[in-house]
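Breakdown of the fold
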Amino acid sequence: MEDKIIEVNFGPQHPSTHGVLRIKVKLDGEIIVEAQPIIGYLHRNAEKLAEMGAYPKGMVYIDRLDYVAALNMELGHVLSIENLMDVQVPERALWIRILMVELNRIASHLIWLGTHGLDMGMLTPFFYCFRERERILRIFDEITGSRLLYNYFAIGGVYSDVTPKSIEMIKEWTEDFVDKLEEIQAILGKSYIYVSRTRGVGKLSPEDVLSYGVTGPMQRASGIKRDLRKDSPYLFYEKINFEIPTRTEGDVYARFLVRVEEMRQSARIVKQVLEKLPQGDFYNKKYSKPMLVRLKATGESYVPTESPKGEFGIYLIGDGSSIPYRVRIRSPSFANLSSIPTMLKGYKIADLTAAVSSADPVFGEVDR
Amino acid sequence: MIQIESESSTKNGTRIVYVSKDNVLPFLKEKKEEGFDTLLMVSGVDYKDHLEVIYHLLSSTNNSRLIVKAKTDDEVESVTSLWKGANWHERETWDLVGIKFKNHPNLTRILLAEGWVGHPLRKNYPMEKKQFVNLAEDGEDRVSFENTEGY
């Protein structure tokens, strides 16, 4: 038989593309010679939309970037605006923000873990993960009033206080979450099939990680110990004890271990926040709701934050009016996904879903 | 050493330096050798009378940041030879802001369909004029102003 390169289209409508990703794969037999990701199917230009209204109005679009971790997206936006306008935020609001963001990080990682298991042919972890995530969403529902897209962080604080009932719910959740996580990790990590399909697959070297601008759990799985919560602390992360999990293998299995360990550390942070949560105002009374849209700003601001996918930040340029002149979103999934050609080259077609889902792309954020 | 035209900083103290558009590639190369090993993003701003291209650099070893800006009319040298990640970011900047990158390996639109008219992040982009995209038989996107010819 003669050598023949076949071109196969993977997606955009495929259950294991985590959204609308299309990959043009060139195959030699079952070896991937070249993989070219094609994105943009969910594009709605959030940057332009956010440039069309007052500063707080951009929040609803920023919410919809990474819709499984909406609070982490809101945090990047609100910190950047507050930095630009020199807004003082009461301590209690900052602690509430840490609490919410870490809970949302766990929810996001749980979705990843469930769907990643699904991609690897295992249905059970999906149900277990969504059962645990449901409990977090009920807590969010109690505090913010919505389950997926919250619009909860306001300039100068948060929109509503944490109620005693929700504190009880969180306490109840922290008691057994780590045990449940152990259970879920065992289903995947102790499965011979899962481990042999992920170990040594989709490798990224530290040089490639830096060259592509890959951040977050993927970077830490390749042996680069960076976490913005430690490196350039925002909110009160310097007052909290937690560790940064790192692995050196840089393969899919290492990313799995890093993300699971991150959930444990986030649960640890949530426990500490509950102990340290001070009494007081939950928003700055100087910034009452109707006047928020009239706030004016000049200058530039970029506050990097650690979202579940990596470094997220919003670069704002103000021109002195109440509408931002330029809003630029640094989206971690976009940069992480651009490393796919390197991650797939030389592997077999069956490794494709494992490698793609290990990048944890959320297309609201890639396509913006 | 490459001449810096002017300097300022963001609200939280990140240094911003302006270089001339011909010096972008040599300046960034010099900075990469100094330890700024990550290119976080490339973006562009339309200031009505000129365009500006912006590079966000990060040093992962000592955690320092630098923002490099250059005024341009519509073309700068590509930095894909320094960072592989620049490829997608430059394509996005071309797609949405309309800044061309010389010597880029594949400067096509990335988020919008090939054949789209205009660059949405320009301040004079007509927002009321809708464009419709359809998939042609050869698998490529077609863009039209008629609402019957696409979605």
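For the structure itself, consult the block above.
Attention in this report is confined to the structure presented alongside it.

Criteria and cut-off values
- Residues numbered from 1 in each chain as written.
- Chains lettered and ligands numbered in written order.
- Predicted model: local features only at pLDDT ≥ 70, side-chain atom pairs only at ≥ 80, totals over all residues.
- Heavy atoms only, no water.
- 1 Å grid on protein atoms, 1.4 Å probe; cavity = no way out; pocket = protein on both sides within 12 Å on 5 of 7 lines; lining within 4 Å.
- Points joined across faces, edges and corners; volume = space filled by probe spheres on them.
- Helix = DSSP H or I, 4+ residues; strand = E, 2+ residues; numbered from the N terminus.
- Nonpolar A, V, L, I, M, F, W, Y, C, P; charged D, E, K, R; others polar.
- Pairing = 2+ DSSP bridges.
- Axes fitted to C-alpha atoms, helices over the stretch in contact; angles between N-to-C directions.
- Contact = heavy atoms within 4.5 Å.
- Buried area = accessible area lost by both parts, 1.4 Å probe.
- Salt bridge = Lys/Arg side-chain N within 4 Å of Asp/Glu carboxyl O.
- Polar contact = N/O pair within 3.5 Å; in protein donor to acceptor, adjacent residues only side chain to side chain.
- Parallel < 35°, antiparallel > 145°, perpendicular 65-115°, else oblique.
- Left-handed = near helix turned anticlockwise from the far one by under 90°.
- Expected span 1.5 Å × (residues − 1).
- Buried < 20%, exposed > 50% of the residue type's maximum accessible area, 1.4 Å probe, protein only.
- Arc of directions from axis to C-beta.
- Core = buried A, V, L, I, M, F, W, Y, C linked by side-chain atoms within 4.5 Å.

Of the voids in this model, the largest pocket is the one considered here, and its volume is about 1200 Å³. Taken together, 40 residues line the largest pocket, and the ones lying closest to its centre are Gly-40 of chain A together with Leu-111, Leu-112, Ala-113 and Val-133 of chain B. In terms of residue count, the dominant contributor to the lining of the largest pocket is strand β8 (residues 132–135) of chain B (4 residues). For the lining of the largest pocket, the residue count by class is 20 nonpolar, 9 polar and 11 charged.

Before going further, it helps to spend a moment on the sheet that holds strand β4 (residues 51–58) of chain B. Consider a sheet: its strands pair through backbone hydrogen bonds, and that pairing is either parallel or antiparallel. All names here are of chain B. The strand order β1-β2-β5-β4-β3 describes an open sheet built from 5 strands, whose pairing is mixed. With partners counted over all chains shown, the strands left at the sheet margins are β1 (6–9) and β3 (38–46), one partner each. Ignoring strand direction, the axes of neighbouring strands in this sheet form an average angle of 20 degrees. By the bridge criterion, 8 bridges tie β3 to β4 in an arrangement that is antiparallel. The residue of β4 that forms the bridge with Ser-43 is Ile-54.

At the junction of the two partners, chain B supplies 45 residues and chain A supplies 45 residues. Between chain B and chain A, the buried area comes to about 3800 Å², and carbon and sulfur atoms account for 53% of it. In terms of surface lost to chain A, no three residues of chain B exceed Lys-11, Trp-88 and Leu-111 of chain B, which account for 20% of the buried area on that side. Linking chain B with chain A are 6 salt bridges. Residue assignment for the side of chain B that touches chain A shows that the elements contributing at least two residues are β3, β4, β5 (65–72) and α2 (86–96) of chain B. Take the side of chain B that touches chain A: its biggest share by element is 9 residues, from β3 of chain B. Grouping the constituent residues of the side of chain B that touches chain A by class yields 21 nonpolar, 13 polar and 11 charged.

Residue placement: Arg-368 of chain A occurs in the segment after α15 (363–367). In terms of polar contacts, Arg-368 of chain A uses its side chain to reach the side chain of Glu-47 of chain A, at 3.4 Å. Excluding residues that lie within four positions of it along the chain, Arg-368 of chain A makes contacts with His-43, Arg-44, Asn-45, Ala-46, Glu-47, Leu-65, Arg-328, Ile-329, Ser-331, Phe-334 and Phe-363 of chain A together with Glu-92 of chain B.

For the rest of this paragraph, the subject is the packing of helix α4 (residues 91–119) of chain A against helix α5 (residues 124–144) of chain A. Residues and elements named next belong to chain A. The contact between α4 and α5 brings their axes to 9 Å, and the two run at 155 degrees. Comparing their axes, α5 and α4 come out roughly antiparallel. As for how α4 packs across α5, the hand of that crossing is left-handed. Touching Met-100, Leu-103, Asn-104, Ile-106, Ala-107, Leu-110, Ile-111, Leu-113, Gly-114, Thr-115, Gly-117 and Leu-118 of α4 are Pro-125, Phe-126, Cys-129, Phe-130, Glu-132, Arg-133, Ile-136, Ile-139, Phe-140, Ile-143 and Thr-144, all from α5.

Turning our eyes to something else, we now look at α5 of chain A. All names here are of chain A. Along its 21 residues, α5 runs 30 Å from first to last C-alpha, staying within 8% of the 30 Å computed at 1.5 Å per residue. All of the buried residues in α5 are Pro-125, Cys-129, Glu-132, Arg-133, Ile-136, Leu-137, Ile-139, Phe-140, Ile-143 and Thr-144. Projected down its long axis, α5 carries its buried residues within an arc of 155 degrees, all on one side. Exposed and facing more than 90 degrees away from the buried side of α5 are Phe-127 and Arg-138. Positive phi shows up at Gly-145, right after α5, with a value of about 95 degrees.

Among the nonpolar cores identified, the biggest contains 63 residues, and Ile-98, Leu-103, Leu-113, Tyr-152, Phe-153, Tyr-237 and Phe-256 of chain A are the most heavily contacted of them. Elements supplying a minimum of two residues to this core: α3 (70–85), α4, α5, α6 (164–189), α7 (192–198) and α11 (252–276) of chain A. The greatest single-element share of this core, amounting to 14 residues, is contributed by α4 of chain A. In this structure, Phe-256 of chain A is in contact with Trp-112, Leu-113, Gln-185, Leu-188, Gly-189 and Tyr-194 of chain A, ignoring residues within four places of it in sequence. Within the second largest apolar cluster, 59 residues are counted, among which are Leu-21, Leu-337 and Ala-355 of chain A together with Ala-86 of chain B.

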